[in-house]
2 protein chains.
Amino acid sequence: MVSLHNYVFNISPISESAWQDINALFLPKQLRKGDYFITEGKTATQIGFINSGIIRAFAKGRNGQEYNKHLFTAPSFIGGYASLITGNTNKINQEALTDCELLVADYHKLTALYDKHPDFERVARKLAELFFAAKEQREIELVMLSAEERYLLFRERMPGLEFEIPLYHIASYLGVSAVQLSRIRKNLAR
Amino acid sequence: MVSLHNYVFNISPISESAWQDINALFLPKQLRKGDYFITEGKTATQIGFINSGIIRAFAKGRNGQEYNKHLFTAPSFIGGYASLITGNTNKINQEALTDCELLVADYHKLTALYDKHPDFERVARKLAELFFAAKEQREIELVMLSAEERYLLFRERMPGLEFEIPLYHIASYLGVSAVQLSRIRKNLAR
DNA sequence: AGCTAATCTTTACATAGGTTAATTTTCTCC
DNA sequence: GGAGAAAATTAACCTATGTAAAGATTAGCT
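Everything quoted here is computed from the prediction, not taken from an experiment.

Caption draft 1: A look at the overall build of chain A. The number of helices and strands found in chain A is nine helices and eight strands. The C-alpha radius of gyration of chain A comes to 18 Å, within 12% of the 16 Å expected for a compact globule of 190 residues. Counting across all 190 residues of chain A, residues that qualify as buried make up 51%. In chain A, of all internal contacts separated by at least 6 residues, the share reaching a separation of at least 24 is 73%. Carbon and sulfur atoms provide 52% of the accessible area of chain A, an area that totals close to 9100 Å². Taken together, the 23 basic and 21 acidic charged side chains of chain A have centroids lying 7 Å from each other.

Next comes the structure, spelled out in C-alpha cells:
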C-alpha cells in the first residue's frame, strides 16, 4: 500500500518539517459503501486521500442520468478540486462504491502551509499539472477512441476493477450505456 | 489588450524582481496563418503567450481525422503543456488559424525561476489548477450536453469567433462533423 | 438453502450523428 | 470583376448507440 508520505514524496520531496505540518492535518475517516464524500451544490472544504476502497466522481444531467467522471482507487487524492480552487459549489458528487479508509484534511489549512513551505506548494503545482495532463489525455480518448477501445484501455489500466463494482458504473465511466457495454463485451468474446 | 504582465498579476501578484526575470525570457514571435507552434512527435521546449490571433490545438486519429481540443485566443498561454510537464513527446499539434503575435520563452528557463521566486511558482500552481478546472468543465459538457447545446454555449463564450475561422474547425472543437453542425445551425434558424 | 433484490443481457425499436458525394455559396487573389 | 479554390450546405444512406422492457443471472441476506 502506498502511504500518503510516499505518495507525496514521490511527486516532489519535501522537508521533514513540512511533512510534519502536513501530516498533522490529516485525520483518518471511514466511508461506508454508499456514503458521499462531496455533494453537488455544496462548497468543498476538505481534501481526502484514499488508503483503500473505490470512489466514483459523477455528474448528474437534468434527466437524472449520471456520468462517472472518474473512478478513484488507492492511492489517490479525492475531493471537489474545482470547488476547492474556485470557491464555487461542487458541480459533481463523490460516492463510495465500497467501504473506504481515508485520510482527510481541511483544504484551506493545508494551502495555508504554502507560504511556510514552498516545497509543499511545489507538490501542489506538480499535482495540478499531473491532474491536468491526465484530464487532457482522457479528453482525447473520449473523443478519438471508440467505446470498445476505451473499454480495452480501461481493463488494461485498472485491471480487476471491473469485477469489484457494477458494470453499469464502468459503462458510465466509459461514456456509454450499460446496454452498449454489454454489446461490446459480447462482441469481444467472439 | 491584456498584456502578459496583467495576465500574470491577475492570477497571482509577484515581486517586481520576479517579473523582471520572467519578462526577460519572453521574446516576440510572429506566426503566419498555417504555421505550427508545436508538432506531435516532437518534445516541447517553449511556452507562448498569445497577444493576438487564433491558434487551434488538435489531435489526429489514425484515419487522419482531426479533433480540435481547444481554440486559443488572446490573452492565453499556449504550448505543449503535457509534453513540457512530462517530457514525453507531444500528442497534439498547435496551428495558427490566423497570423499571430506571440511572446515566447524557453519553458525550462522559466521553471528554473521557481526556486528563486516562490511567488512565481504560485502563479504556475494556480494556472495549472485553473487549467484543470477548465478541462474538467469541458469534459462534463462533452459528455452531458447535446451537440446543439455545446454549440450555443460556444457562441456565448467566444462571441464572434465563429465568423473568424472556418466552421469545420468549430465543428471539430464541438466534437461533431461539419455536416452535423450545419444541420444544427439549420435547426436553430427555424 | 432459498428468497429477494440487484445486476446483466437481450431484443426491439428509435435517433443522433457519421460518411460520401453533389451542389451551392463564399472567399481570395490576379 | 471573374476564375478558381475553399467552405458550407444538402441529400442519401448507414451505423453506433440510446431507451424501454423482458428475461436471465448473480449476489446478498436471513
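Next comes the rest of the write-up.
Caption draft 2: Molecular detail of the sheet that holds strand β7 (residues 93-96) of chain A. Residues and elements named next belong to chain A. The strand order across the open sheet built from four strands is β2-β7-β4-β5, with neighbouring strands paired in antiparallel fashion. Both outer strands of the open sheet, β2 (36-38) and β5 (66-73), are each paired with one neighbouring strand and no more. Each strand of the sheet is rotated relative to its neighbour by a mean of 30 degrees, with strand direction disregarded. Of the pairings in the sheet, the one linking strand β4 (residues 54-60) to β7 comprises four bridges and is antiparallel in character. Considered in β7, the bridge of phenylalanine 58 is made with asparagine 93. Packing of helix α8 (residues 167-174) onto the sheet brings it into contact with β4 and β5, and relative to β5 it is tilted by some 105 degrees.

Caption draft 3: Up close: helix α8 (residues 167-174) of chain B. Residues and elements named next belong to chain B. Most of α8 sits out of view: six of its eight residues are buried. Here α8 has its buried residues at His169, Ile170, Ala171, Ser172, Tyr173 and Leu174. In this structure, the buried side of α8 is in contact with β4 (54-60), β5 (66-73), α6 (118-144), α7 (147-157) and α9 (178-189). Within two residues after α8, glycine 175 carries a phi angle of roughly 85 degrees, on the positive side.

Caption draft 4: Examining the sheet that holds strand β3 (residues 46-52) of chain A more closely. Residue and element names in this part refer to chain A. One open sheet accounts for four strands, arranged β1-β8-β3-β6; its pairing is antiparallel. In this open sheet, the two edge strands, each paired with only one partner strand, are β1 (27-31) and β6 (76-78). Sheet twist, expressed as the mean angle between neighbouring strand axes with direction ignored, is 35 degrees.

Caption draft 5: Fine view of the protein's contact with DNA strand C. The full set close to DNA strand C counts 15 residues, and A:Leu167, A:Tyr168, B:Ser177, B:Gln180 and B:Arg183 are the nearest of them. Of all atoms in DNA strand C that approach within 4 Å of the protein, 63% are sugar or phosphate atoms. At the level of elements, α8 and α9 (178-189) of chain A together with α9 of chain B are the ones that each hand at least two residues to the surface near DNA strand C. In terms of residues, the surface near DNA strand C owes the most to one element, α9(A), which gives five residues. Counted by class, the surface near DNA strand C contains seven nonpolar, four polar and four charged residues.

Caption draft 6: The packing of helix α1 (residues 4-11) of chain B against α6(B), seen in detail. Residue and element names in this part refer to chain B. Closest axis-to-axis distance for the α1/α6 pair is 9 Å, and the angle between their directions is 80 degrees. The angle between the axes of α1 and α6 places the two elements in the roughly perpendicular class. Residues Tyr7, Val8 and Ile11 of α1 form the contact with α6, whose own contacting residues are Val123, Lys126 and Leu127. Taken together, the residues of the contact of α1 with α6 sort by class into five nonpolar, no polar and one charged.

Caption draft 7: Quick look at the interface of chain B and chain A. At the junction of the two partners, chain B supplies 34 residues and chain A supplies 34 residues. For the pair chain B and chain A, the summed buried surface comes to about 3400 Å²; carbon and sulfur atoms form 65% of the total. A per-residue breakdown of the area chain B buries against chain A is headed by B:Phe132, B:Glu139 and B:Met144, which together make up 20% of the total. Summed over the shared surface of chain B and chain A, the number is 12 salt bridges. Here B:Arg122 makes a salt bridge to A:Asp115, at a shortest N to O gap of 2.9 Å. Elements that contribute at least two residues to the side of chain B that touches chain A include exactly β4, β5, α3 (81-86), α5 (113-116) and α6 of chain B. It is α6(B) that provides the largest number of residues to the side of chain B that touches chain A, a total of 18 residues. Here the residues of the side of chain B that touches chain A are counted per class, giving 19 nonpolar, two polar and 13 charged.

Reading guide: rules and limits
- Residues numbered from 1 in each chain as written.
- Chains lettered and ligands numbered in written order.
- Predicted model: local features only at pLDDT ≥ 70, side-chain atom pairs only at ≥ 80, totals over all residues.
- Heavy atoms only, no water.
- Helix = DSSP H or I, 4+ residues; strand = E, 2+ residues; numbered from the N terminus.
- Rg over C-alpha atoms; globule rule 2.2 N^0.38 Å.
- Buried < 20%, exposed > 50% of the residue type's maximum accessible area, 1.4 Å probe, protein only.
- Contact = heavy atoms within 4.5 Å.
- Areas by Shrake-Rupley, 256 points an atom, 1.4 Å probe, with all protein chains shown as cover.
- Lys, Arg positive; Asp, Glu negative; His and termini not counted.
- Charge placed at Lys NZ, Arg CZ, Asp CG, Glu CD.
- Pairing = 2+ DSSP bridges.
- Axes fitted to C-alpha atoms, helices over the stretch in contact; angles between N-to-C directions.
- Near = heavy atom within 4 Å.
- Nonpolar A, V, L, I, M, F, W, Y, C, P; charged D, E, K, R; others polar.
- Parallel < 35°, antiparallel > 145°, perpendicular 65-115°, else oblique.
- Buried area = accessible area lost by both parts, 1.4 Å probe.
- Salt bridge = Lys/Arg side-chain N within 4 Å of Asp/Glu carboxyl O.

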